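The lines below spell out each chain.
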Amino acid sequence: MALRLSRSIVGEAEACAVSRVLLEDGYLGMGNEVRLFEEELAVYLGVSSGQIITVNTGTAALHLAVEAVAPHGGGEVLVPSLTFVASFQAIIAAGCTPVACDCLPETGTLDLVDAEKRLSAKTFAVMPVDYASNPWHLDEVYDFARRKGLRVVEDAAHAFGCTHHGRKIGSFGDMVCFSFDGIKNITSGEGGCVVSFDAQATCRVSDARLLSVEADAQKRFAGARSWDPDVTRQGWRYHMSNIMAALGRVQLARLESEFIPARRALAALYKKRLAGLDDLVFLQTDPNDYIVPYILPVRMLHGRKDSVKDILAGNGIPTGVHYKPNHLLTYFGGGAVSLPVTERLHGELLTLPLHPGLSAQDVEDVCAALHAAL
Ligand SMILES: *Cc1c(COP(=O)(O)O)cnc(C)c1O
């Protein structure tokens with residue numbers, strides 16, 4: 001089978017769970033499976049199940065989380081430019097303005113010194129991104145937010161299963177958003193959730209995913225419906241379905257036993273085989289963080305990225321680019337600001353294949369091709 005950059009790891013167990021919903025339960029919308037998935041996510045993260053709000057994508061999670069904490073009329077959110085387009089689009093969807101910030105050259109994560117320079121009277125939140133599953137300096141981000149009176153909406157799409165200084169991502173903080181799209185650390189076949197540490201925001205997000213029909217989620221979980229509803233805010237059709245939740249529950253059960261060890265072992269093998277190679281540098285991580293790598297970008301120095309990418313492609317090895325910086329995209333200013341570190345890093349970053357379906361031999365083959373190329 002051809003080597004893939006990333007892929008979903010789903011099989012018989014997921015198929016059985018989905019077919020159980022289809023054939024036995026017959027209720028495909030948001031009901032019991034979603035309730036159980038939220039409860040199991042809460043147990044995994046060590047929070048109460050009321051703090052977990054599942055939605056149909058990670059982008060929807062970010063949108064609702066920003067919207068729930070935004071001041072009336074919107075405002076500005078500090079966000080690293082080096083992220084998936086979803087972070088920026090979600091902020092705009094919430095009626096707010098993304099302010100692109102530079103990143104640190106060693107990690108690709110938010111540069112707080114640069115972010116501080118971009119504060120304005122309209123700034124109400126910061127959105128750190130755990131780039132390549134790296135919660136680098138997350139405690140400092142929270143300190144910064146506390147000092148400046150900002151909310152924190154974490155884009156933790158890469159970081160499900162990771163730990164920062166001994167605490168699981170999603171077990172502490174303000175508003176934490178995960179993605180369960182097809183290739184993330186776990187999938188519900190598209191999906192995501194918000195973990196909320198603010199009671200008012202929890203209600204807003206929970207209602208907003210169901211068109212802001214008040215307390216509709218709780219009614220659905222009890223098998224009831226809202227025949228006499230009230231609506232006081234804008235809402236969206238963002239809830240998770242029983243089909244998705246059934247799939248996600250199986251994935252969550254496989255995370256610690258299969259996915260985490262596989263991802264970590266493959267990444268460790270890459271590190272070992274590529275150590276000391278000229279012009280190839282791994283991103284820095286904190287030894288006190290526990291990282292479950294979703295992607296494996298490395299830095300190719302001295303302008304060698306494109307030629308190495310081509311050579312690998314010629315050997316049947318796909319590589320990726322995470323990400324084209326958002327501040328260069330037309331809708332987000334088309335390069336009206338310049339972010340020198342982000343732009344330089346973008347010229348260096350090359351993502352190597354990584355998913356639990358790779359064998360050690362696959363990684364050996366990629367590493368051999370990299371040795372030959374360099
Ligand atoms: C995957 C991802 C998202 C969005 O998640 P979807 O579930 O695909 O909508 C947001 N931010 C980052 C950094 C991501 O990688």
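Per chain, residue numbering runs from 1 following the sequence as it is written. Thresholds applied to this predicted model are a pLDDT of at least 70 for local features of residues and 80 or more for the giving and counting of side-chain atom pairs; totals over whole chains, interfaces and linings are not thresholded and use all residues. Note that water and hydrogens are dropped before the side-chain values are worked out from all heavy atoms of the structure.

1. Describing the overall build of the protein chain
Counting from the N terminus, the helices are DSSP H or I runs at least four residues long and the strands are E runs at least two residues long. When you go through the protein chain residue by residue, the secondary structure sums to twelve helices and 13 strands. Under the scheme applied here, a residue whose accessible area is under 20% of the maximum for its type counts as buried, over 50% as exposed, and between as partly exposed, the area being computed with a 1.4 Å probe on protein chains only. Counting every position in the protein chain, which comprises 374 residues, the buried fraction comes to 56%. Accessible surface for the protein chain amounts to roughly 15,100 Å². Of this, 54% is attributable to carbon and sulfur atoms. For this count, His and the chain ends are skipped, Lys and Arg are scored as positive, and Asp and Glu as negative. The atoms used to mark charge sites are NZ of Lys, CZ of Arg, CG of Asp and CD of Glu. Distance from the positive charge centre (34 side chains) to the negative charge centre (43 side chains) of the protein chain: 1 Å. To be clear on the numbers: accessible area is Shrake-Rupley with a 1.4 Å probe, and residue cover counts the displayed protein chains and nothing else.

2. As for the site of the ligand
Every one of the 16 residues lining the ligand counts as a neighbour, but Gly58, Thr59, Asp155, Ser179 and Lys184 are closest to it. One of the side-chain N or O atoms of Ser179 is found 2.7 Å from an oxygen atom in the ligand. Going through the elements one at a time, helix H3 (58–69) and helix H4 (85–93) are the ones with two or more residues in the shell around the ligand. No other element matches the three residues that H3 contributes to the shell around the ligand. The residue classification treats Ala, Val, Leu, Ile, Met, Phe, Trp, Tyr, Cys and Pro as nonpolar and Asp, Glu, Lys and Arg as charged. All others, Gly included, are polar. Classifying every residue of the shell around the ligand by side-chain character gives five nonpolar, eight polar and three charged. Residue proximity to a molecule or strand is established when one non-hydrogen atom of the residue lies within 4 Å of it. Polar contact criterion, stated in full: a pair of N or O atoms within 3.5 Å, where within protein one must be able to donate a hydrogen and the other to accept it, and residues adjacent in sequence count only if both atoms are side-chain atoms.

3. Regarding the environment of Leu328
Note on placement: Leu328 falls in the loop between helix H10 (305–314) and helix H11 (340–346). Leu328 sits 250 residues away from Leu78 along the chain, and the two C-alpha atoms are 16 Å apart. Among all residues touching Leu328, those that are not within four sequence positions of it are Gly334, Gly335 and Glu343. Two residues form a contact once any of their heavy atoms are found within 4.5 Å.

4. Some points on the packing of H3 against H4
A packed helix pair is summarised by two numbers, namely the angle formed by the two axes and the spacing between the axes. Contact pair H3 / H4: the axes reach a minimum separation of 8 Å and the direction vectors enclose 40 degrees. One element, H3, and the other, H4, form an angle in the oblique class. The two elements H3 and H4 cross, and the hand of that crossing is right-handed. Residues Thr59, Leu62, His63 and Val66 of H3 form the contact with H4, whose participating residues are Ala86, Ser87, Ala90, Ile91 and Ala93. Grouping the amino acids of the contact of H3 with H4 by side-chain chemistry returns six nonpolar, three polar and no charged. To define axes, lines are fitted to C-alpha atoms, for helices over the stretch in contact only, and angles between the resulting N-to-C directions are given on a 0 to 180 degree scale. Should an angle fall under 35 degrees it is called roughly parallel, over 145 degrees roughly antiparallel, and 65 to 115 degrees roughly perpendicular, with every other angle called oblique. Should the near helix be turned counterclockwise from the far one by less than a right angle, the crossing is left-handed, whereas a clockwise turn marks it as right-handed.

5. Here we look at the sheet that holds strand S9 (residues 192–196)
Sheet strands line up and pair through hydrogen bonds in the backbone, either parallel or antiparallel. If DSSP finds at least two bridges between two strands, the strands pair. Read from one edge of the open sheet, seven strands run S1-S9-S8-S5-S4-S2-S3, paired in mixed fashion. Looking along the sheet, the strands with just one partner apiece sit at the ends: strand S1 (52–55) and strand S3 (97–101). Pairs of neighbouring strands in the sheet enclose a mean axial angle of 25 degrees, with direction left out of account. Where strand S2 (residues 76–80) and S3 come together, five bridges link them in parallel fashion. Paired with Glu76 across the bridge in S3 is Thr97. Against the sheet, H3 contacts S1, S2, strand S4 (123–126), strand S5 (151–155), strand S8 (175–179) and S9, and its axis sits at roughly 165 degrees relative to S8.

6. Remarks on the domain arrangement of the protein chain
Under the domain assignment, the protein chain is made up of domain 1 (12–102 + 109–249) and domain 2 (256–373). Each of domain 1 and domain 2 has a C-alpha centre, and these two points are 26 Å apart. Each partner contributes to the interface: domain 1 provides 33 residues, whereas domain 2 provides 32 residues. Between domain 1 and domain 2 the total buried area reaches about 2,700 Å² when both faces are included, carbon and sulfur atoms providing 58% of it. Note: domain ranges come from an automatic or database domain assignment. Note on terms: buried area is the combined drop in 1.4 Å-probe accessible area of two parts once they are placed together, counting the loss on both.

7. Quick notes on the side chain of Thr351
With respect to the helices, strands and loops of the structure, Thr351 is situated in strand S13 (residues 349–352). Classification of Thr351 as buried rests on a relative accessible area of 1%. Setting aside its immediate chain neighbours within four residues, Thr351 contacts Leu5, Ile295, Leu296, Pro297, Thr319, Gly320, Val321 and His322.

8. Focus on the packing of aromatic side chains
Here the distance between the centres and the angle between the planes together describe a pair of aromatic rings. Working definition: rings of Phe, Tyr and Trp (its six-membered ring) pair if their centres are within 6.5 Å, and the pair is stacked with planes under 30 degrees apart, edge-to-face with planes over 60 apart, and tilted otherwise. For the coordinates displayed, the defined rule picks out ten aromatic pairs. Here Phe37 and Phe180 contribute two aromatic rings whose centre-to-centre distance is 5.6 Å and whose plane-to-plane angle is 55 degrees, an arrangement assigned as tilted. Taken together, the residues Phe37 in helix H2 (residues 32–45) and Phe180 in the loop between S8 and S9 connect sequence positions 143 residues apart. In this structure, Phe37 and Phe180 share a single accessibility class: buried. With centroids separated by 5.6 Å and ring planes inclined at 50 degrees, the aromatic side chains of Tyr331 and Phe332 adopt a geometry described as tilted. Residue Tyr331 is classed as exposed on the basis of its relative accessible area of 59%.

9. Things to note about the packing of H10 against helix H12 (residues 360–373)
Running from N to C, H10 and H12 cross one another at 130 degrees; their axes reach a closest spacing of 10 Å. Relative to H12, H10 is oriented oblique. Once H10 is placed against H12, the crossing between them reads as right-handed. Together, Val308, Ile311 and Leu312 of H10 and Val366, Ala369, Leu370 and Ala373 of H12 make up the contact between the two elements. For the contact of H10 with H12, the class distribution of residues is seven nonpolar, no polar and no charged.

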